[in-house]
Amino acid sequence: MEIISMKNSVLFFMLFFLFACSKDNTCDTPFGDGAQIDINMPDFAALQTVGGTVTVNRGYKGIFVRRVSYGEFVAFECACPHCHDERLLPLEGWAGAVLECPSCHSLFETEYGNPLEGAATSCPLYQYYTQFDGYILSIY
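This section reports on the structure supplied with the text.

Another aspect to go through is the overall build of the chain. A count of helical and extended segments in the chain gives 1 helix and 11 strands. Order of helices (α) and strands (β) in the chain, N terminus to C terminus: α-β-β-β-β-β-β-β-β-β-β-β. Counting only residues that meet the buried cut, the chain has 33% of its 140 residues in that class. Looking at the chain as shown, the accessible area adds up to about 8700 Å², and 57% of this sits on carbon and sulfur atoms.

This is how it looks when you write it as structure tokens:
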């Protein structure tokens, strides 16, 4: 009788851990294809100056791009890492320095993609790699 009880306990714990580990990891942000953009084109002219930002209609919900220095750019997926299907928007009055999820109201800084507050405080933004040749910014 004790062996059956022990087997049931082991089975219970195995099922518990199986289902506990299979739940959705909200930090697994969906992302899509990158882009190649010419920063001299009118739609991307803001990227000609340090601190300039644009949102490119690529990726999963868009790609937020910020020029950090003369030759350095950062690019983040605009999908909220907590809500997944919500598109992050620049927070009014912050000149592209902070993105906000309209659903869960999580805030993210745009230099490293770290969460500042809200439901996604343990989930940074998905960051794309960037490469700049002086004219074309490749995002991948």
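Our focus in this paragraph is the nonpolar core. Of all hydrophobic cores here, the largest spans 15 residues; its most connected members are I37, L47, V56, I63, V65, L137 and I139. Contributions of two or more residues to this core are made by β1 (35-38), β2 (53-56), β3 (63-67), β4 (73-77) and β11 (136-139). Grouped together as the second largest cluster of nonpolar side chains are 13 residues, V74, C78, C101 and L125 included.

Let us now look at the pairing of β11. With 4 bridges joining them, β1 and β11 adopt antiparallel strand pairing. Each bridged residue has a counterpart across the sheet, and for D38 the counterpart in β11 is I136. Judged from the 3 bridges that link them, strand β10 (residues 130-132) and β11 form a sheet pairing that is antiparallel. Bridge pairing in β11 links F132 to L137.

With antiparallel pairing, the 4 strands of this open sheet are ordered in space as β2-β3-β4-β9. In this open sheet, the two edge strands, each paired with only one partner strand, are β2 and β9 (127-128). Bridge analysis of β2 against β3 gives 4 bridges, and the strand direction is antiparallel. Bridging from a neighbouring strand, T53 pairs with R66 of β3.

Below, the discussion takes up the side chain of E77. With respect to the helices and strands, E77 occurs in strand β4. One buried charge, E77, has no salt-bridge partner; the nearest side chain with opposite charge is R87, at 7.6 Å. In terms of polar contacts, E77 uses its side chain to reach the backbone amide nitrogen of Y60, at 3.0 Å. For E77, the residues in contact, after removing those within four places along its chain, are T29, P30, F31, G32, G59, Y60, K61, G62, L88, L125, Y126 and Y128.

Aromatic ring pairs are defined here through the distance separating the ring centres and the angle between the ring planes. Counted under the stated rule, the structure contains 5 aromatic pairs. Ring centres 6.4 Å apart and planes at 85° place the aromatic pair F31 and Y128 in the edge-to-face group. Of the two residues, F31 is situated in the loop between α1 (2-22) and β1 and Y128 in strand β9; the sequence distance between them amounts to 97 residues. Look at F31 and you get partly exposed, because its relative accessible area is 46%. The exposure class of Y128 is buried, given its relative accessible area of 3%. Among the aromatic residues, those joined into a ring-pair cluster are F31, Y126 and Y128. Here the basic side chain of K61 rests over the ring of Y60, its NZ or CZ set 5.5 Å away from the ring centre.

Moving on, we come to the environment of V98. Looking at the element boundaries, V98 is found in strand β6 (residues 98-100). By relative accessible area, V98 is classed as buried at 4%. Separated by 10 residues in sequence, V98 and L88 place their C-alpha atoms 9.6 Å apart. Dropping the residues within four chain positions of it, V98 is found in contact with L89, P90, L91, L107, F108, T110 and L116.

Reading guide: rules and limits
Residues numbered from 1 in each chain as written. Predicted model: local features only at pLDDT ≥ 70, side-chain atom pairs only at ≥ 80, totals over all residues. Heavy atoms only, no water. Helix = DSSP H or I, 4+ residues; strand = E, 2+ residues; numbered from the N terminus. Buried < 20%, exposed > 50% of the residue type's maximum accessible area, 1.4 Å probe, protein only. Areas by Shrake-Rupley, 256 points an atom, 1.4 Å probe, with all protein chains shown as cover. Core = buried A, V, L, I, M, F, W, Y, C linked by side-chain atoms within 4.5 Å. Pairing = 2+ DSSP bridges. Lys, Arg positive; Asp, Glu negative; His and termini not counted. Salt bridge = Lys/Arg side-chain N within 4 Å of Asp/Glu carboxyl O. Polar contact = N/O pair within 3.5 Å; in protein donor to acceptor, adjacent residues only side chain to side chain. Contact = heavy atoms within 4.5 Å. Phe/Tyr/Trp six-rings, centres within 6.5 Å; stacked < 30°, edge-to-face > 60°. Lys NZ or Arg CZ within 6 Å of the ring centre and 35° of its normal.

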